[in-house]
Each structure stands twice: as structure tokens, then as C-alpha cells.
Amino acid sequence: MNLGVRWTLHGDGRTPAPGAVVRPDERLSWPRTAGLGAQHVVAMFGASFVAPVLMGLDPNLAIMMSGVATMVFLLATRGRVPSYLGCSLSFVGVAAAIRASGGDSSTVTGAVLVVGLALFLAGLAVRRFGARIIHAAMPPVVTGAVVMLIGFNLAPVTASTYWPQDQWTALLVMLFTGLAVVCLRGFWSRVAIFLGLVFGYALSWVLDLVFGKIHSPAGGAEAVDHWRLDLSGVAKADWIGLPTFHAPSFEWSAVLVALPVVIALIAENAGHVKAVGEMTGDPLDDQLGTAIAADGAASMLSTAVGGPPNTTYSENIGVMAATRVYSTAAYWAAAGFALLFGLCPKFGAVVAAIPGGVLGGITVILYGMIGLLGAQIWINAKVDLRNPLNLVPAAAGIIIGVGGVSLKITDTFELGGIALGTIVVITGYHTLRAFAPAHLKEQEPLLDAGTSAYDDHAADGATTKGDGRPTGS
């Protein structure tokens, strides 16, 4: 059985040719692969560490279970969908609502476990009926908008949390990282994001030595005097330690609050798989159901032991866009590192000590890359944004997602950000399509290019030819 754990060496394994792409079933030398894995860990660590803290869950358990979830995902997709599964930020608001109504950590994880089950069942439905049901619900104008709002929704995190902590460090790190991505050659250009973090770490240390403390907001709080690089937490942290486990509990009121997030997760997964397919040049429509089901199963596994839900991570898609290395071997290395680092509180403290200004410079590039992948989907599918049927729902959903617009449903539950933006794009498109005149509908087919030729009986997992037709057609 092919589990996607065998890779061919790309070239000499050292320096890919200029412009060359390292495919998912290829790898560089193992030391370089390990370095790329470490870069993926660093890319996902900030959000995967912060999200569980905001949800009131153990961040070390979140890191450890993200490694386990990634392994499950890679095995399920047989190495065809290079992605990292980190803690989902979509549930931060849900967790706050559940806690506000008297729930505790077990109530939160119980509700999210049910959402994971719903996501798993949705994935099975896509496997049974084929990728066309996803594309019927989310044609290119929708998937492009969802990918765009997922990336650009992260912009306020940079603007309000990271960048203000040290604007000059953020600017220098942004410039250094941009130059590294464009100007460096060979392997070094492929780890430019990691080099940017190292540069920023060292720069912050030097600035502390030369100028002393900085007066700025610390983690979004009021402006105070603080060190750019604060290593006090590293000295206090243990080298080895188990995370905190707990069993979930189930309350229907909490479950009903959490269930609407399923819509956003399905769209988010579809957008991520679409983005990865665009980058690798490998149509992954036949893997949509598997990817969605694997995400749901991984979230169920994590929440069953008290961890947070997981989802494919935009940050790591951004790293792939920058490095053009799509090897799943790097993700296995990242998963292994995460598993070990989850058992090492001191490592978590080191990564958590990365100055906010440094993250500001890095995330400006990464988040922008993610958002612009949505535009690439539109371009490749030749989506006509002069058509109001395409323009109106995409425009409304993106502004809602990027601006953090919220819709209060009850006193304890509201939709906002990615979830609300996704719902507006999907429902808006299909509602407008139902009432639009025929000449607007004819300007774009319901199914995007590459899926309209799907055989009615093609199942998830069927191999296809390069033109999108099932093998043997």
C-alpha cells in the first residue's frame, strides 16, 4: 500500500536548479529536509501557541497534537497534499462564547469534537459523491475569495499585535526576508523565512544591548517599557514535561454554538487544497474529500485528549509559496519536531520569546502571499470580476473577513471574520445566481476548469490524467 512515505531525491539533494520545484514525492538531503521541517514548525508555532492560550487550553499539548494530526493527514492523503495541521483559530470566538455561558475546558473540547465529527462526515460525503459537490458549492470565484479572505483576515494580527511592538525591527526583518527570498540562491533562498526569524532574533538582542528597553505595546497591551527579546521564561521552563490532558464533556447548548464553524472549515480546507494544487501543478480535486475527512478525524483525536481542533495551516502554505519546496518529507520532519517539542516546555519558551516586531516583519510577507493565492485562483480560472454575479459576493465576503465584521445572533453567540465572510460568499453567490438573468450565468460555468470533465461515477481517490479526466476515459 502506498502511504506516501517514499521519496525520490531531487537532483543531487543539495541545490535545486533556479526556478525548480521540489514536488511532494521528492525530497532534498535529509539535513536540508530537517531544516525545512524546522522552518515549518517555526511558521506555525506562533498561531498554534497563541490560539490554545486564547481558548484556555494547554499550548504544549496543542503543539504535540499538531504533530500527530499532521501525520494522520499525510497518511490519509498518501502524501499528495503537503500541508501542516495546526490549532484552528476559527474556534477562538466559539470557546469564548462557551466559557461566557458557564462552560469549562472540557465543555469546549466536547463541542469542538462534535464539530470534528461533522467535518469528518462531510469529507466522507465528498469521497462518496466526488469533488464536484464541493465545486458546485464553491466554484473558482468562491474558492478564490475564501483563500483571499483567509490570508488577508490575518492582516490585523500583524497590524495591531506584532508590528506596533517594534516597528523598526519589523521593517528591517521584512526587508531582509524579502531580499533573502529574491536574492539568495540555492538552498538558502528556500529557508529565507527561517533566516528572517534568526536575523530578527539576533537584531532584537543587539538593539536591547545598544539602546536598552523599548517603550511600546507588549502583545497588544498598553505601551510599557520592555525588552525586545525577553528570555526570562526560558530559564524558568523545564526541559522535559508532559502536557495537561483532560476528557471532553458534551452539552448540546455548546455544540449548537460551535457547529456553524463547520461551514468555514469545509471552505477553508477546500481553499487550502485548491491553493496547494495551484502551487504544485497537481490537480487535487480527488483528494478534497480525504483532506476534509482527515482534518475532521485529526480534530477529533486532538480534542479527545483535551487538545484544540486542528486545520490545514495558511502559514505553512505561505512558506511553500516562498520556498517552492512541496516535499511531504519536510512535513513529516516538522510533525516529528512538533511531537518532541510538545514534550519540551523550554523549547516552547524559546519560540514564544520571538519578539513581536520580528513576527510583524515575517507575517507581512507570509500573510500577503496567502491572500494573493486567491487572486491566482481567479486568474487561472479566468474569473470575470466585471460580472456582478461574481463581484458582489466576493467583494462583500472579503471585506467582512478582512475587516472582522461580526453578526450577533444571540447574547452568547455571534459569527464574524472568516466564518461570516465565508458564509456570505457562498450563500451570496448561489442566492444571486438563482435570481440572476441568464446572460450573467453564461459567463462562467458552475464547475471550474479541470472538474467539469469528471465522470459521474468517479470516486474520491480515482487517478486522473493531466487533463482532469479519470484514467481510462
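Everything discussed here concerns the structure shown above.
What you see is a predicted model, and the numbers here were worked out from it, not measured in a lab.

Caption draft 1: Quick peek at the side chain of Asp384. Topologically, Asp384 is positioned in the loop between helix H18 (356–381) and helix H19 (388–403). Judged by relative accessible area, which is 19%, Asp384 ranks as buried. A polar side-chain atom of Asp384 sits 2.9 Å from the main-chain amide nitrogen of Arg386.

Caption draft 2: Structural context of the packing of helix H8 (residues 167–183) against H18. Contact geometry for H8 and H18: axes closest at 7 Å, N-to-C directions at 45°. With respect to each other, H8 and H18 are oriented oblique. For the pair H8 and H18, the sense of crossing is right-handed. Of the residues in H18, those touching H8 at Thr169, Ala170, Val173, Met174, Thr177 and Gly178 are Gly357, Val358, Gly360, Gly361, Ile362, Val364 and Ile365. Of the residues belonging to the contact of H8 with H18, the class tally is 7 nonpolar, 6 polar and no charged.

Caption draft 3: Seen up close, the nonpolar core. Membership of the largest hydrophobic core comes to 74 residues, with the highest contact counts inside it found for Phe91, Ile134, Met138, Val142 and Trp378. Counting residues per element, this core draws most heavily on helix H13 (residues 261–280), at 10 residues. Setting aside chain neighbours within four positions, we find Val142 in contact with Ala137, Val425, Ile426 and Tyr429. Of all hydrophobic cores here, the second largest spans 15 residues; its members include Val42, Ala322, Leu366 and Tyr367.

Quick notes on the rules
Residues numbered from 1 in each chain as written. Predicted model: local features only at pLDDT ≥ 70, side-chain atom pairs only at ≥ 80, totals over all residues. Heavy atoms only, no water. Helix = DSSP H or I, 4+ residues; strand = E, 2+ residues; numbered from the N terminus. Buried < 20%, exposed > 50% of the residue type's maximum accessible area, 1.4 Å probe, protein only. Polar contact = N/O pair within 3.5 Å; in protein donor to acceptor, adjacent residues only side chain to side chain. Axes fitted to C-alpha atoms, helices over the stretch in contact; angles between N-to-C directions. Parallel < 35°, antiparallel > 145°, perpendicular 65-115°, else oblique. Left-handed = near helix turned anticlockwise from the far one by under 90°. Contact = heavy atoms within 4.5 Å. Nonpolar A, V, L, I, M, F, W, Y, C, P; charged D, E, K, R; others polar. Core = buried A, V, L, I, M, F, W, Y, C linked by side-chain atoms within 4.5 Å.

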